[in-house]
Structures are given as C-alpha cells and as structure tokens.
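Summary of the model geometry
Letter by letter, the chains look like this.
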Amino acid sequence: MAGLTRIERAEPQAPAVEVARQLLDHLLTSGRLRAGDRLPPERELAETFGVGRSAVREALKSLSLLGLLEIRQGDGTYVRGVTSDLLPQVLEWGLMLGDHTMDELLEARACLEVDLAELAALRRTDDDLSALESHLGRMRAKHDDPERYLVADLAFHRALAEASHNSALAGFQARLESLVAVWIRQNIRKPGEGKLAEHDAVLKAVRAKDAKGARAAMHAHMDSATRRLRAQLGRT
C-alpha cells in the first residue's frame, strides 16, 4: 500500500501498535481507501512494515474490534468506513495506542472542566440548570450501580459544558471525555459519597451564578477525581 513505511524501531510493548497506528492514519488521511476496499494480505503488509505476520494480524484484529475493518475468514480484510462517524472509535483507539499520556489528558481535562464550570455559572439558563439537576439526581439514584452512575456522571459534565454556551469548548470536552472515559470505565469502583458531594458543590455554585465558586468547586472535584483514578491504576 502506497504511503506506508517500514518500521525500523518499535517500542517494547509491540510492533503491532506501530502497525495499527500507521494503518489508522492511512485509513483516515490517505484518501485512497473507501468502504468496501480490500487491504493487501497479511504477508504483503508484513513485508511492507518489516514485521512479523503476527504483529500485522494483531493490529488488524484491534482495528476490526473498533469497527474500522472487517475480517472475512478465507477472503481477506476489508475497510468498513472512513467517515466522521468513526471518530469516537478513532479517539478511543488513539488512547489505546498511547498517542497521549494519561497524565496529559487528565491535566487537559481538569483545566477545561474548570473553565467550563466558570462559564456555566455565568451563562446557564433555567433549562441548563434543570438538566444538571436531573443528571445529578440520576447519579444519586444509581449510587449502587457503578456503570449507570458513570453514565449519569458523564452526562452531568456534558450538560455543564453545554451550559457554557461555547460550542468549541464543549466539543473539546466531548473529545477529552471520550478518551478519559475508557480509563474510567476500565477502572470502575463503587461510587462514594465524596463524589456526589463534589458534584453538589459544583451545581450549587452554578445555580447561584457564582463563577469563582464554580471554578473552585470544579478544581477540587478534578483534583480528587484525578487522584482517585491514578490510585486505581497504581499511579502516583
């Protein structure tokens, strides 16, 4: 495939990571592949990249699990699609490839969430407030169900971003959230009362249109959330 380059060096974790990264870039940016197109056979790809066929096989399998490729036994590997509909999956794949470190993403998320909380306090409407209260209510109701609690938690943060009435920042928040949510979902623990109290503090400040208080409350929440996640992942 034109545009792909031989892999001279790969990180210890696996050449499959670099193979997948190049294939992903090629699918999205080359303009040469369309839905339904067939990829070269594993042997040819292995020769192109200068890696073993097992690395190519692993990379193809990973991309197929994300819905980017379709592996047809005995027939070959085909492109499923390269449109913007795949971007959420691409974002999650970017995380698993290690394109961004966890620390960088969590830092970016914290900075953005603090600014969004301030803007939400200044600009929120009654409808925005109702949405935030509804999501917090669902968090409280699903306190003993970690997965559903997480869904409500993420919805609260999305509603807060929308309450900022800045579509660009809300878009950034959605992208960061889709990345960080992978780690959060993989490391779910039973929600604690402290988490609800942190969200309560943010909502209280937004309700009062207290921009400074909203910043402080969100800063405290992001600090605690980051420390909890790092502890779950065995990070310091």
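Up top you'll find the structure we're talking about.
Note that this is a predicted model, so its numbers are computed, not measured. (Residues numbered from 1 in each chain as written. Predicted model: local features only at pLDDT ≥ 70, side-chain atom pairs only at ≥ 80, totals over all residues. Heavy atoms only, no water.)

A word on the nonpolar core. Ranked by internal contacts, the top residues of the largest apolar core, which has 25 residues, are Leu132, Met139, Phe156, Leu160, Val202, Val206 and Met218. The dominant element in this core, judged by the number of residues it contributes, is helix H7 (residues 146-163), at six residues. Once residues within four sequence positions are removed from consideration, Leu160 is found in contact with Glu113, Leu116, Ala117, Ala120, Leu132, Val202, Val206 and Met218. Counting 19 residues, the second largest nonpolar core, distinct from the first, contains Ala16, Val19, Ala20 and Phe49. (Core = buried A, V, L, I, M, F, W, Y, C linked by side-chain atoms within 4.5 Å. Buried < 20%, exposed > 50% of the residue type's maximum accessible area, 1.4 Å probe, protein only. Helix = DSSP H or I, 4+ residues; strand = E, 2+ residues; numbered from the N terminus. Contact = heavy atoms within 4.5 Å.)

This paragraph deals with the packing of helix H6 (residues 126-141) against H7. Geometry of a packed helix pair, given as the angle between the helix axes and the separation of the axes. One can describe the packing of H6 onto H7 by two numbers: an axis separation of 8 Å at closest approach and a directional angle of 165 degrees. Between H6 and H7, the angle is such that the two are roughly antiparallel. When you trace H6 past H7, the crossing you get is left-handed. Here Asp128, Ala131, Leu132, His135, Leu136, Arg138 and Met139 of H6 come into contact with H7, specifically with Tyr149, Ala152, Asp153, Ala155, Phe156, Ala159, Leu160 and Ala163. Among the residues making up the contact of H6 with H7, the classes are represented as eleven nonpolar, one polar and three charged. (Axes fitted to C-alpha atoms, helices over the stretch in contact; angles between N-to-C directions. Parallel < 35°, antiparallel > 145°, perpendicular 65-115°, else oblique. Left-handed = near helix turned anticlockwise from the far one by under 90°. Nonpolar A, V, L, I, M, F, W, Y, C, P; charged D, E, K, R; others polar.)

This next bit is on the environment of Leu68. Take Leu68: it is sitting in the loop between helix H3 (53-65) and strand S1 (69-72). By relative accessible area, which is 1% here, Leu68 ends up buried. Along the chain, Leu68 and Tyr78 lie ten residues apart, while their C-alpha atoms are 8.8 Å from each other.

Moving on: the packing of aromatic side chains. Given two aromatic rings, their pairing is described by the distance between the two centres and the angle made by the two planes. Inspection of the entire model under this criterion finds zero aromatic pairs. Lying over the aromatic face of Tyr78, Arg72 brings its terminal NZ or CZ to 3.9 Å of the ring centre. (Phe/Tyr/Trp six-rings, centres within 6.5 Å; stacked < 30°, edge-to-face > 60°. Lys NZ or Arg CZ within 6 Å of the ring centre and 35° of its normal.)

When its volume is computed, the largest pocket comes out at roughly 260 Å³. For the largest pocket, the lining is made up of 15 residues, of which Glu42, Leu60, Ile71, Gly76 and Thr77 are closest to its centre. Counting residues per element, the ones that place at least two in the lining of the largest pocket are H3, S1 and strand S2 (76-79). Sort the elements by how many residues they give to the lining of the largest pocket and H3 lands first, with three residues. Here the residues of the lining of the largest pocket are counted per class, giving five nonpolar, four polar and six charged. Taken as a whole, the second largest pocket encloses approximately 190 Å³ of empty space. Every residue lining the second largest pocket is listed: Leu106, Glu107, Ala110, Cys111, Val114, His219, Met222, Asp223, Thr226, Arg227 and Arg230. Every element with two or more residues in the lining of the second largest pocket is listed here: helix H5 (102-123) and helix H10 (211-232). (1 Å grid on protein atoms, 1.4 Å probe; cavity = no way out; pocket = protein on both sides within 12 Å on 5 of 7 lines; lining within 4 Å. Points joined across faces, edges and corners; volume = space filled by probe spheres on them.)

A separate point is the pairing of S2. Looking along a regular strand, one sees the side chains alternate between the two faces of the sheet. Bridge count for S1 against S2 is four bridges, and the pairing is antiparallel. When the sheet's bridge partners are listed, Ile71 is paired in S2 with Thr77. Connecting the antiparallel pair S1 and S2 is a turn made up of three residues, with Gly74 showing a positive phi of about 80 degrees. (Pairing = 2+ DSSP bridges.)

Before going further, it helps to examine helix H2 (residues 42-49). Restricting attention to buried positions, one finds in H2 the residues Leu45, Ala46 and Phe49. Each buried residue of H2 lies within a common arc of 100 degrees when the element is viewed along its axis, so the set occupies one face. In the stretch just after H2, Gly50 is the one whose phi turns positive, near 75 degrees. (Arc of directions from axis to C-beta.)

The next subject is the packing of H5 against H7. Here H5 crosses H7 at 60 degrees, and the two axes come no closer than 7 Å. Here H5 is positioned oblique relative to H7, judged by the angle of their axes. Crossing of H5 over H7 shows left-handed handedness. Residues Glu113, Leu116, Ala117, Leu119, Ala120 and Arg123 of H5 pack against His157, Leu160, Ala161 and Ala163 of H7. Residue composition of the contact of H5 with H7, by class: seven nonpolar, one polar and two charged.

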